Amino acid sequence: MSVEPWASPQDQAAAEHTYRPHSLPSQDQEQERHPDKQCLDSFWNEVETIRQGSGEADLDHGRRHSRESEDGDQEEQWLTDAGLSTLISEDGEDVDKAVLLSTLTRAQAQAVQRRLDSYTISRRQKNKTPPRDVRDIFDSPISAVSMRKCSMTLEHQRGAAKEEFLITDIAYCEQAAIFLKQAKFPQNNTQHKKEDGTLPRVICPKCRLGVTRIQDLSHADMKKVRQLALIDMTALCDILEVDVKRHKTGKRKIPESTLFGVPLATMLENDQKLKPNTLIPLFLQKLLTFLEKKGMDSEGILRVPGSQFRTKVLQENLETNFYTERFSWDDVSANDAAALLKKFIRDLPEPLLTAEYLNTFSSVRGQSNILKLRQKLHMLNLLILLLPEPNRNTLKALLEFLSKVVSRERKNRMNLWAVATIMAPNLFLHKAVPIRLTDGPEKGQVEKAADVMRLLIRYQDLLWMIPNFLVSQVRRLNENSNRRYQFYDRRFKNLLKKIQPETREKPEKIKSERQYIRSPANGKGKMRRNGSAVFPDCALYEVGGNIGEHCLDPDTHLLDLYNSNPTGEWIIRVKSYGGRAP
């Protein structure tokens, strides 16, 4: 079995050095485990800057307009987002709900049933007609083979302390249920070790169908991924007893601006008129590119504040001249540009992590029930999938930049803790959403706020993967949708056959021997024995069958892919890039 380590060679070497027996921790190791005094001071300076910039009155006004959904409304919105609105509508077709529900695991189905029961109770209290009973539909338990596989895998990993294994073949909620069930056994009822702050090496075993990333699937399939991810995250939070109540933000007046305070979707829509297929705002692209060229080696970048007067003048100049291409970055200092970056993020009318999921992001570190790093990564992975596309792409560009800053630590004196403590307030403190990050002892406030940011920066490549179990559920969902006519009565099926006779041809059998796909004729490609071609601008796509469109991993075993989707087609074409250059 091949594995993919999600850590750089430097991180792996550091991890090995950390776990060397009978060695005293060095000063660098202590800084990696916990934030030092300089990080603590920088954190509170950043919080104070945010409060002064927004004003306490604005914070109180925003929190008054931010409210939790009323009883019943939240469950109704949840069922709609999960693609299950037909469960509470009188005119919904049984086919629509049966297709989605047939792909759910036991824990996922139980989470849906809890939301439906809560909705029913709240509607009865309001003297409204309750939805139809659907308990007979939830009859799709996870297979015993998968349960045993996950149980054996978790048992095998129990003693591994130096590295974490991330299993994506089994639903995250099912893994959490197995872990909690095993923890109740007397022989496994050992006291958990307190985290020392170090981040271990994470290994993700690859399946034979390769790794699927967010940008690899079509928009239609990604919509289904988000619905299934919402169900799995809710089931996971139910098992871990994590509060996932979402907040609604009231309508806020959009300032007459072109850059700061503009919703991401609006800015991106305007930028795509100038540069089609761009994924993040053009201003953010220019700003990050400038900081990578001029500020990466600047000592204390992001921590050292820029001049407030120069920053204000620079912002006004950018608002006026950025889109006219009359603005010059030559005289801009790196610290002023870094201050603009943080201001751009916190001035967004809605948090970058969205008002709905901001508190859920923060609860990844704040909840005592989430003990394992594996469970934290599970939560963050699902939350990333739930973000709107503009927010997710913008967050990825920001995290890639922050990772580059950390990689130049020897020159800029900004380690992972320093970058995380500086950026956490800008992402987690927003005037539109009440946040609980500033509760508790002073040092605990910083660690809880920065630790989530630290995980996002260190494991970003892993978090932007689509788990294998979600891809499998999407395939089953598409297969059931293609066969949905079987749910209709016989007379309606006969009518469909008369209107649209079956003309689909049966696929030809693939030969058992290894299939080779030739690379382009210019010779830049290189053959792989599993049938894939390595070429910088081309990729092999899986189209049709039980998937909409899927950009394949170079390590995909094509015979296994055929067995998984025999009616799909394989197409080689040029990759489409958006946003910043790859």
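Here the structure is a predicted model, which is why all the values come from computation and not from measurement. (Residues numbered from 1 in each chain as written. Predicted model: local features only at pLDDT ≥ 70, side-chain atom pairs only at ≥ 80, totals over all residues. Heavy atoms only, no water.)

## Some details on the overall build of the protein
Here is step 1 of the chain: A tally of helices and strands in the protein yields 24 helices and 10 strands.
Here is step 2 of the chain: The proportion of buried residues among the 582 residues of the protein is 48%.
Here is step 3 of the chain: For the protein, the share of sequence-separated contacts (at least 6 apart) that also reach a separation of at least 24 residues comes to 80%.
Here is step 4 of the chain: Total accessible area on the protein stands at roughly 30,600 Å², and carbon and sulfur atoms take up 49% of it. (Helix = DSSP H or I, 4+ residues; strand = E, 2+ residues; numbered from the N terminus. Buried < 20%, exposed > 50% of the residue type's maximum accessible area, 1.4 Å probe, protein only. Contact = heavy atoms within 4.5 Å. Areas by Shrake-Rupley, 256 points an atom, 1.4 Å probe, with all protein chains shown as cover.)

## Points about the packing of aromatic side chains
The description of two aromatic rings rests on the distance between their centres and on the angle between their planes.
Here is step 1 of the chain: Across all of its chains, the model carries eight aromatic pairs by this definition.
Here is step 2 of the chain: Measuring from centroid to centroid gives 5.1 Å for Tyr 172 and Phe 469, while their planes differ by 70 degrees, and the two rings are edge-to-face. Placement of Tyr 172 in helix H9 (residues 172-183) and of Phe 469 in helix H22 (residues 468-482) is noted, with a sequence separation of 297 residues between them.
Here is step 3 of the chain: The buried category is assigned to Tyr 172, whose relative accessible area is 0%.
Here is step 4 of the chain: Of the residues examined, Phe 469 reaches a relative accessible area of 5% and is grouped as buried.
Here is step 5 of the chain: Relative to Phe 344, the ring of Phe 260 has its centre 6.1 Å away and its plane inclined at 80 degrees; by these criteria the two rings are edge-to-face. Taken together, the positions of Phe 260 in the loop between strand E5 (247-248) and helix H11 (264-274) and Phe 344 in helix H14 (residues 334-346) put the pair 84 residues apart, joining distant regions of the chain. For the pair Phe 260 and Phe 344, a shared accessibility class is recorded, and that class is buried. (Phe/Tyr/Trp six-rings, centres within 6.5 Å; stacked < 30°, edge-to-face > 60°.)

## Looking at the pattern of salt bridges
Here is step 1 of the chain: Enumeration over the complete set of coordinates arrives at 16 salt bridges.
Here is step 2 of the chain: Across the salt bridge formed by Asp 238 and Arg 114, the nearest N and O atoms sit 3.1 Å from each other. Placement of Asp 238 in helix H10 (residues 219-240) and of Arg 114 in helix H7 (residues 106-125) is noted, with a sequence separation of 124 residues between them.
Here is step 3 of the chain: Ionic pairing is found between Lys 206 and Asp 553, a salt bridge with its closest N-O pair at 3.5 Å. In this pair, Lys 206 is assigned in the loop between strand E4 (201-205) and H10 and Asp 553 in the loop between strand E9 (547-551) and helix H24 (558-564), connecting sequence segments 347 residues apart.
Here is step 4 of the chain: According to the relative accessible area criterion, Asp 553 is buried, its value standing at 14%.
Here is step 5 of the chain: Salt bridges here are not isolated pairs; linked through shared partners, they connect Arg 114, Arg 115 and Asp 238. (Salt bridge = Lys/Arg side-chain N within 4 Å of Asp/Glu carboxyl O.)

## What about helix H13 (residues 308-321)?
Here is step 1 of the chain: In this model, H13 (14 residues) spans 20 Å end to end at C-alpha, consistent with the 20 Å of a helix rising 1.5 Å per residue.
Here is step 2 of the chain: All of the buried residues along H13 are Thr 311, Leu 314, Gln 315, Leu 318 and Asn 321. One face of H13 carries all of its buried residues, which in axial projection span an arc of 155 degrees. Among the exposed residues of H13, those pointing more than 90 degrees away from its buried face are Phe 309, Lys 312 and Thr 320. (Expected span 1.5 Å × (residues − 1). Arc of directions from axis to C-beta.)

Read these as layout, nothing more, since geometry by itself doesn't imply function.
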